[in-house]
Amino acid sequence: MKKIGILNGPNLDRLGTREPHIYGSTTLPELITRLGIEAKLLEVEIEATQSQHEGVLIEQIYHWADAGFNGLIANLGAYTHTSVALRDAIVASGLRTVEVHISNVYKREPFRHHSYISSVSEAMITGLGIEGYFAALRYLTQ
Ligand code: DQA
């Protein structure tokens, strides 16, 4: 069975209460539960981690790569726009990666328009709300 890692970066543990007009009202545990239901239907295994810490996120990517995972869904939050280290980890891991953003980063502040992750990902989904995670899961399951 394929295994997909779902990695959420800083502040995404606040989903549901954090700027709900931008990020919606679904909490992170609710989202992960719903992704788990979808994964069952798709006959794929998922594992999800959230961290506020860049190094922890990097270690998780390597852990999944070493464990033979088949793909990575990555919403790295603000680290998307700052972290060469996370970009390097994605490349070194060899994991097929889909970058996801709940909001449309291109409709927001200019500092959100650049991503270090996009050019090392197979795809970037931005602005579909939490639906982006489900689209990424279906894509990586193929
Ligand atoms: C985000 C967009 C980022 O710019 C922001 O820092 C986040 C969330 C999104 O899902 O829309 O934390 O990745």
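Residue positions are counted from 1 within each chain, in the order its sequence is given. In keeping with the model being predicted, local features are shown solely for residues with a pLDDT of at least 70 and side-chain atom pairs are shown and tallied solely at 80 or more, while totals for entire chains, interfaces and linings include all residues. Computation of side-chain values covers all heavy atoms of the structure but excludes hydrogens and water.

Asker: What should I look at first to understand the pattern of salt bridges in this one?
Answerer: Pairing is possible between side chains that carry opposite charge, provided their charged atoms lie close to one another. A carboxyl oxygen of Asp or Glu within 4 Å of a side-chain nitrogen of Lys or Arg is what we treat as a salt bridge. Under the defined criterion, the tally for this structure stands at six salt bridges. E19 serves as the salt-bridge partner of R18, at 4.0 Å between the closest nitrogen and oxygen. R108 is paired through a salt bridge with E109; the nearest N and O atoms lie 3.9 Å apart. On the basis of relative accessibility, which here comes to 17%, the residue R108 falls in the buried class. When salt bridges with common partners are traced through the structure, they connect E38, E131 and R138 into a single cluster. The rule is simple: take the accessible area with a 1.4 Å probe, protein chains only, and divide by the maximum for that residue type; under 20% is buried, over 50% is exposed, in between is partly exposed.

Asker: Is there a simple way to think about the environment of G68 in this case?
Answerer: The helix count covers DSSP runs of H or I at least four residues long, the strand count covers runs of E at least two residues long, and both are numbered beginning at the N terminus. Of note, G68 is situated in the loop between α3 (54–66) and β3 (71–75). Assessed through its relative accessible area of 42%, G68 is described here as partly exposed. Separated by 51 residues in the primary sequence, G68 and T17 have C-alpha atoms spaced 35 Å apart.

Asker: Would you explain the side chain of T97 in this entry?
Answerer: Within the secondary structure layout, T97 lies in strand β4 (residues 97–101). There is a polar contact of 3.0 Å between the side chain of T97 and the backbone oxygen of L95. The criterion used for residue contact is that any of the two residues' heavy atoms lie within 4.5 Å. Not counting residues within four places of it along the chain, the set of residues in contact with T97 comprises L72, A74, I90, S121, E122 and A123. In protein, a polar contact means a hydrogen-donor-capable atom and an acceptor-capable atom, both N or O and within 3.5 Å, with residues adjacent in sequence counting only if both atoms are side-chain atoms; elsewhere, any N or O pair within 3.5 Å suffices.

Asker: Honestly, α3 in this entry has me stumped. Any pointers?
Answerer: Side chains that are three or four residues apart share a direction in an α-helix, a result of its 3.6 residues per turn. To estimate the expected span of a helix, subtract one from its residue number and multiply by 1.5 Å. Taking 1.5 Å of rise per residue, the 13 residues of α3 would be expected to cover 18 Å, and the 19 Å separating its terminal C-alpha atoms lies within 8% of that figure. Check the buried side of α3 and you find it contacts β1 (3–8), β2 (45–50), β3 and α4 (84–93). One or two steps after α3, the chain reaches G68, where phi turns positive at roughly 80°.

Asker: Help me understand the layout of surface pockets, please; the structure alone is not making it clear to me.
Answerer: It is the rolling of a water-molecule-sized probe over the atoms that shows where space remains empty. With a 1 Å grid spanning the protein atoms alone, the term cavity applies to any set of points in which a 1.4 Å probe fits but cannot get out, the term pocket to an open set with protein on both sides within 12 Å along at least five of seven lines, and the term lining residue to any residue with an atom within 4 Å of a point. Grid points are joined across faces, edges and corners, and a volume is the space filled by probe spheres set on the points. For the largest pocket, the calculated volume is near 160 Å³. Taken together, 15 residues form the lining of the largest pocket, with Y23, N75, G77, A78 and H101 sitting closest to its centre. Class assignment of the residues belonging to the lining of the largest pocket gives a composition of six nonpolar, six polar and three charged. In this classification, Asp, Glu, Lys and Arg are treated as charged, Ala, Val, Leu, Ile, Met, Phe, Trp, Tyr, Cys and Pro as nonpolar, and every other residue, Gly included, as polar.

Asker: Is there a simple way to explain the pairing of β4 in this structure?
Answerer: Burial runs high along β4: five of the five residues are buried. Where burial is concerned, the two faces of β4 agree: the one with T97, E99 and H101 and the one with V98 and V100 are both buried. Orienting the strands away from the viewer, one traces the path from the first strand over the helix to the second; a clockwise path indicates a right-handed crossover. Crossover handedness for the path β3 to α4 to β4: right-handed.

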